[in-house]
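Given next are the chains, with one letter for each unit.
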Amino acid sequence: AQKVTQAQTEISVVEKEDVTLDCVYETRDTTYYLFWYKQPPSGELVFLIRRNSFDEQNEISGRYSWNFQKSTSSFNFTITASQVVDSAVYFCALSEFGGANSKLTFGKGITLSVRP
Amino acid sequence: DVKVTQSSRYLVKRTGEKVFLECVQDMDHENMFWYRQDPGLGLRLIYFSYDVKMKEKGDIPEGYSVSREKKERFSLILESASTNQTSMYLCASSPGATGGNQPQHFGDGTRLSIL
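Cut-off values and rules
Residues numbered from 1 in each chain as written. Chains lettered and ligands numbered in written order. Predicted model: local features only at pLDDT ≥ 70, side-chain atom pairs only at ≥ 80, totals over all residues. Heavy atoms only, no water. Pairing = 2+ DSSP bridges. Helix = DSSP H or I, 4+ residues; strand = E, 2+ residues; numbered from the N terminus. Axes fitted to C-alpha atoms, helices over the stretch in contact; angles between N-to-C directions. Buried < 20%, exposed > 50% of the residue type's maximum accessible area, 1.4 Å probe, protein only. Disulfide = S-S within 2.5 Å.

K.L.:
Could you give an account of the sheet that holds strand β3 (residues 19-25) of chain B, naming the residues involved and the relevant values?
P.N.:
Residue and element names in this part refer to chain B. With antiparallel pairing, the four strands of this open sheet are ordered in space as β1-β3-β8-β7. Edge strands, defined here as strands with exactly one partner in the open sheet, are β1 (4-6) and β7 (64-70). Strand after strand, the sheet turns through a mean of 20° between neighbouring axes, direction not considered. Relative to strand β8 (residues 73-78), β3 is paired through six bridges, and the arrangement is antiparallel. The residue of β8 that forms the bridge with E22 is S75.

Here it is in structure tokens:
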């Protein structure tokens with residue numbers, strides 16, 4: 001069975017600090033997909049990134065970067081120079097290859113608070 | 001942009017009532033999902049559907065049923081609401097591409113309170 005662990009439950013930082021959100025996953029499949037979602041106070045989950053298991057290249061998008069390491073089964077998310085608008089709950093999720101329905105297993109989420 | 005619309009943001013019902021939560025997506029997606037979100041538990045999958053009239057149980061289907069009569073609409077039904085079903089309910093949809101690599105798109109959620 002697949003599993004996603006987000007060991008950090010709540011993180012609080014001051015604006016402009018860098019922050020890393022950890023995600024560790026378990027799966028028996030060799031082909032799988034990893035996702036990060038953001039849930040602002042409004043409630044809607046917003047898709048941030050998808051990564052497949054064959055692509056270990058790190059990705060940067062503006063202030064956001066993701067570090068995927070198969071050797072440690074981790075897919076960590078770093079926000080550089082955090083802003084108050086980054087305050088949200090962040091979910092890491094895993095999808096196994098082989099089904100047409102892209103069923104996701106989510107971690108329990110990390111609540112990030114960025115103080116001015 | 002994909003739009004997933006849930007019929008209510010907030011809903012209050014009484015114990016024993018039959019409750020319907022409606023979800024509509026406008027992107028012709030094959031897959032649709034219902035989750036509940038509770039503090040400390042994250043998102044848990046209740047049911048999903050990969051085609052009209054098709055449904056599959058998720059991780060916590062007890063006390064719920066679903067209906068998908070049209071491709072764009074996926075309904076979650078609480079047959080006899082109980083207080084432990086008070087929660088945030090999230091609907092999502094995704095394309096039916098092979099491989100499970102398509103991101104799901106979520107609605108705004110329905111915060112349901114059962115009194």
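K.L.:
Requested: an account of the pairing of strand β5 (residues 42-49) of chain B, with residues and values cited.
P.N.:
Residue and element names in this part refer to chain B. By the criterion of burial, β5 is predominantly enclosed, with seven of the eight residues buried. As paired elements, strand β4 (residues 31-38) and β5 share seven bridges and run antiparallel to each other. Within the sheet, the bridge partner assigned to F33 lies in β5 and is F48. Counting the residues in the hairpin turn of β4 and β5 gives three residues, including G40, whose phi is positive at 80°. Across two bridges, β5 lies against strand β6 (residues 56-57) in antiparallel orientation. Each bridged residue has a counterpart across the sheet, and for Y47 the counterpart in β6 is K57. Here β5 folds back onto β6, and the loop between the two strands holds six residues, one of which, K53, carries a positive phi near 65°.

K.L.:
I'd like a description of the state of the cysteines, backed by residues and values.
P.N.:
Applying the stated criterion to the full structure yields two disulfides over all chains. The disulfide that involves C23 of chain A links it to C92 of chain A, with 2.0 Å between the sulfurs. Across the disulfide from C23 of chain A to C92 of chain A, rotation about the S-S bond amounts to roughly -65°, and the bridge is consequently left-handed. Here C23 of chain A, found in the loop between β3 (19-21) and β4 (24-26), pairs with C92 of chain A, found in strand β10 (residues 88-96); they are 69 residues apart in sequence, far enough to count as distant. You'll find C23 of chain A and C92 of chain A in the same group, each marked buried. In this model C23 of chain B forms its disulfide with C91 of chain B; the gap between the sulfur atoms is 1.9 Å. Since a negative S-S torsion denotes a left-handed disulfide, the C23 of chain B-C91 of chain B link at about -80° is left-handed. Here C23 of chain B is found in strand β3, whereas its partner C91 of chain B is found in strand β9 (residues 87-94), with 68 residues between them in sequence. Given the relative accessible area of 0%, C23 of chain B is considered buried.

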